[in-house]
Amino acid sequence: MIVVKKKKPKIKPIHRVYCTYFPSGLYYIGYSGKTEKLYEKYYGSSAYVKEFEGELKKETIAIYEKKSHAKMQEFLLQWQQRHDPNCLNSMLNIRLNKEPLSSFVPITWTPKK
């Protein structure tokens, strides 16, 4: 007897650009491809976030179907905020193929005060 396993339907990934706010006014802009359940508890992987003890707030800035669009938006927002002393992003790491970005349209965003 042959047992045929049913394939689980593949969940389409969601790619988010978010901002984590610290009580001091500092903030961190990041990207996440986590599922909804994991994303609820996720505030970033930077040392600032991992070492912080206290309550953090998170804002979802944008949601994309394409990872390349989310990563480009994350980079553009980090670049836009590079002179803001409250922005904790010091590493800008981007490596993207330009073809999937042909339909990308950047958004306008400013951090909450």
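Note that the structure is predicted; figures quoted are calculated from it, not measured.

*Asks:* So what about the overall build of the protein chain? Which residues, and what values?
*Replies:* If you tally the helices and strands in the protein chain, you get three helices and three strands. Helices and strands appear in the protein chain in the N-to-C order β-β-α-α-β-α. For a compact globule of 113 residues, the expected C-alpha radius of gyration is about 13 Å, and the protein chain comes in at 17 Å, more than 25% above that figure. If you line up the protein chain on its principal axes, its C-alpha atoms span 65 × 40 × 20 Å. Within the protein chain, buried positions represent 36% of all 113 residues. A sequence separation of at least 24 residues applies to 66% of the contacts in the protein chain between residues at least 6 apart. In the structure as shown, the protein chain presents an accessible area of about 8700 Å², 56% of it carried by carbon and sulfur atoms. The positive charge centre, built from 21 side chains, and the negative charge centre, built from 10, are 10 Å apart in the protein chain.

*Asks:* Describe the pattern of salt bridges, listing the residues and the values that go with them.
*Replies:* Applying the stated criterion to the full structure yields three salt bridges. In this structure, Glu36 engages Arg16 in a salt bridge whose closest nitrogen and oxygen atoms are separated by 2.7 Å. One end of the pair, Glu36, is in helix α1 (residues 36-40); the other, Arg16, is in strand β1 (residues 15-21), with 20 residues separating them in the sequence. Between Lys71 and Glu74 there is a salt bridge, and its shortest N-O distance comes to 3.4 Å. Placement of both Lys71 and Glu74 in helix α3 (residues 67-80) is noted, with a separation of three residues, approximately one turn of the helix. For Lys71, a relative accessible area of 24% translates into the label partly exposed.

*Asks:* Break down α3 for me, with residues and values.
*Replies:* In an α-helix, one full turn covers 3.6 residues, which means residues spaced three or four apart are oriented alike. End to end, α3 covers 20 Å across 14 residues, agreeing with the expected 20 Å (1.5 Å per residue, within 8%). Listed as buried for α3 are Ser68, His69, Ala70, Met72, Gln73, Glu74, Leu77 and Gln78. Where α3 is buried, its residues meet β1, β2 (27-32) and β3 (57-64).

*Asks:* Break down the side chain of His69 for me, with residues and values.
*Replies:* With respect to the element layout, His69 can be found in helix α3. Excluding anything up to four places from it in sequence, His69 contacts Tyr64, Pro100, Leu101, Ser103 and Phe104.

*Asks:* Could you give me a rundown of the layout of surface pockets, with the residues and numbers involved?
*Replies:* As a volume, the largest pocket reaches approximately 390 Å³. Around the largest pocket, the lining comprises 21 residues; the ones closest to its centre are Tyr28, Glu74, Gln78, Met91 and Asn93. Where the lining of the largest pocket is concerned, the elements lending two or more residues are β2, α2 (47-51) and α3. Of the residues forming the lining of the largest pocket, the biggest block, four residues, is contributed by α3. Classifying every residue of the lining of the largest pocket by side-chain character gives eleven nonpolar, seven polar and three charged.

Reading guide: rules and limits
- Residues numbered from 1 in each chain as written.
- Predicted model: local features only at pLDDT ≥ 70, side-chain atom pairs only at ≥ 80, totals over all residues.
- Heavy atoms only, no water.
- Helix = DSSP H or I, 4+ residues; strand = E, 2+ residues; numbered from the N terminus.
- Rg over C-alpha atoms; globule rule 2.2 N^0.38 Å.
- Buried < 20%, exposed > 50% of the residue type's maximum accessible area, 1.4 Å probe, protein only.
- Contact = heavy atoms within 4.5 Å.
- Areas by Shrake-Rupley, 256 points an atom, 1.4 Å probe, with all protein chains shown as cover.
- Lys, Arg positive; Asp, Glu negative; His and termini not counted.
- Charge placed at Lys NZ, Arg CZ, Asp CG, Glu CD.
- Salt bridge = Lys/Arg side-chain N within 4 Å of Asp/Glu carboxyl O.
- Expected span 1.5 Å × (residues − 1).
- 1 Å grid on protein atoms, 1.4 Å probe; cavity = no way out; pocket = protein on both sides within 12 Å on 5 of 7 lines; lining within 4 Å.
- Points joined across faces, edges and corners; volume = space filled by probe spheres on them.
- Nonpolar A, V, L, I, M, F, W, Y, C, P; charged D, E, K, R; others polar.

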